[in-house]
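Overview (structure and organization)
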Amino acid sequence: MENKLQIISNQIRLKVLEIVAAKKIGHIGGTFSCVDLLVSMYYGGCLNYSDDNYPDKFILSKGHACLALYVILNDLGLITNEKLDSYGQDGGLGGQLDIGINGVDWNTGSLGHALGVCAGIAHSSKLLNKNYKAITILGDAECDEGSVWEAILHISDFKLTNLIAIVDRNRLSVTEVIKDNAVFKLLPVALPKLGWFYKEIDGHSFTEIISAIQESKIANKPSFIVANTIKGKGVSYMENELKWHHSVPTKEQLEIAYKELR
Amino acid sequence: MNISNDTSNKDMRDAFFDEIYLSSMDNKNIVVITNDMDIFSLRELKTQRPNQFINVGVAEQNMINIASGLASMGMKVIIYGIAPFVVYRCYEQIKFNICSMNLPVTIVGIGSGLSFAFDGPTHHAIQDISVMSALPEMQILNPSDSASAKYCSDLVLNSESPFYVRMDKGIHPKIHDLNKYEPFKIIKQFNNNVILSSGTIINNVIDSVKDKDIGIIDVISLKPFPEQIFDIIKDVENVIIIEEHSVTGGLGSIFSDQANILNLNFNIHLIGFENKQILEYGSREWFYNKSGLDVKSLTKSIDNILNG
């Protein structure tokens, strides 16, 4: 399983890279850091996206990593090759997600909203007496938003158990290295006390990701998983480099990347 | 709970929320959310259907996000709180999660205009129409009495659009005999001159034109603006727009913009608050007096226009 998922991840990274190189636009760094999380969702059974009646709802809160999701949705047959190829063209797929795209549950582009929206979805799951989950992947810099904390507190108070938040902890924002700042010092202390299932994992280990999600689903608590990741993961010269937040590789750089990912 | 159909002695809030309460008892998909504000007619809902009533506490951004999550799953969501806090504090959440997703969430802003005059400028709602009207999907209702408030609830419960309902508080004089929602209502017939007004300030308007040959139209739906009004008033000499809102971005602006788009020319006069910060404390009447919205000042302004 782990090997199979790793192969899929590499293929998705390759495809993303090809598209960014061709279209000369995209956020490679923060996309590559969460590819393994997304692959676990769609290929590792963590997200029940194809249920006919009540599928899980998924929000990629860090919507600037949309290109990986486009490639996945295309691979799963949810969007056509033509649609994928429209990325970067006027009127085509853009730098954020929207619900006009098949398989996308929420518009993205502004940070700090998704956890509260997921709280609303989890409320509905409870009200309708169903078991669908609201799952979101947040960026780590995004956790500065006050609305994320409003949501954390609300979810605790209302014991919204049908909810899983995963933080792509790649430790790099657009301009800064995010060390263990107050937010990330507070989370591991506060969340268990607030009734959350809290876990820190290696966000590039499929075994750890999948077992954390499985534990979340049976924990009967809202879940918060901090996935420690590497921005630019998979291509040596991109890893942990601020400039790969939204740089486009040169031809030579691309050759090296292809070799590493194949 | 016994709920009277007669709204004449009802607080406007209760006239609206009694209907929400009754519908909620029949329809489990209606969810009411507040940022810790008490409404008499919802106390029963809170007790009888605790799952359908969520007090998020003083956290407006979260309130809007939760509402949109619920609405995306087929729930009909009614939010209420003091108007400026449910409009300005969480504007991006409204723009992004409710409007860009086009979800059936109704935001009831309690305390239109200077309803909370003494609580100061943070509690005034005199730019709320301006910011809400900038959101393409948002429809705006501004009832002027308990009857119109009651029927606004019918509209929002039976629509799939986002709504902002600008709601006064307290018992106000009865203006309308209604048995269904109507987007506007002629409340005084006219010949050559007409006043368009909206909300409870219309009571001052009524008192200021008693012996004058000028009509009054109460505009309840501010957005979409009822275009039928343009036909009805097409031959008038003067259109005076009187509102308890900044003259920038309110009914006057909506009317003027729409008239411009349709290439219609009217002799328009705007009466409302100047577009400047109010940093004083006092009663609603005191502010009316200072701002030309009291009956005496309105009478004078209208006379000046008519004698032009």
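Look up: the structure comes first, before these words.
No experiment lies behind these values; they were computed from the predicted model shown.

A look at the overall build of chain A
Helix and strand counts for chain A stand at 10 helices and 5 strands. Compactness check: chain A gives a C-alpha radius of gyration of 17 Å against a globular reference of 18 Å for 262 residues, within 12% of the reference. If one aligns the C-alpha atoms of chain A with their principal axes, the spans along those axes are about 55 × 40 × 35 Å.

Description of the sheet that holds strand S1 (residues 30-34) of chain B
Residue and element names in this part refer to chain B. Strand order across the open sheet formed by 7 strands is S2-S1-S3-S4-S6-S5-S10, with mixed pairing between neighbours. Whereas interior strands pair on both sides, the edge strands pair on one side only; in this sheet they are strand S2 (53-55) and strand S10 (221-223). Neighbour to neighbour, the strand axes of the sheet diverge by 20° on average, direction disregarded. With 5 bridges joining them, strand S4 (residues 105-110) and strand S6 (residues 163-167) adopt parallel strand pairing. Along S6, the bridge assignment pairs Ile107 with Tyr164. Of the strands in this sheet, S1, S2, strand S3 (76-82) and S4 touch helix H3 (residues 60-72), which is tilted by about 165° from S3.

Topic: the nonpolar core
One finds Leu38(A), Ala68(A), Cys118(A), Ile33(B), Ala67(B), Val77(B) and Ile79(B) to be the most contacted residues of the largest nonpolar core, which totals 165 residues. Counting residues per element, this core draws most heavily on helix H4 (residues 66-75) of chain A, at 8 residues. Split by domain, the residues of this core number at least three in each of domain 1 (12-167) and domain 2 (184-306) of chain B. If sequence neighbours within four positions are ignored, Ala68(A) has contacts with Ile12(A), Val16(A), Thr31(A), Cys34(A), Val35(A) and Leu38(A).

Conventions and cut-offs
Residues numbered from 1 in each chain as written. Chains lettered and ligands numbered in written order. Predicted model: local features only at pLDDT ≥ 70, side-chain atom pairs only at ≥ 80, totals over all residues. Helix = DSSP H or I, 4+ residues; strand = E, 2+ residues; numbered from the N terminus. Rg over C-alpha atoms; globule rule 2.2 N^0.38 Å. Pairing = 2+ DSSP bridges. Axes fitted to C-alpha atoms, helices over the stretch in contact; angles between N-to-C directions. Contact = placed C-beta atoms within 7 Å. Core = buried A, V, L, I, M, F, W, Y, C linked by C-beta atoms within 7 Å. Buried ≥ 20, exposed ≤ 12 C-beta atoms within 10 Å, placed from the backbone. Domains from an automatic or database assignment.

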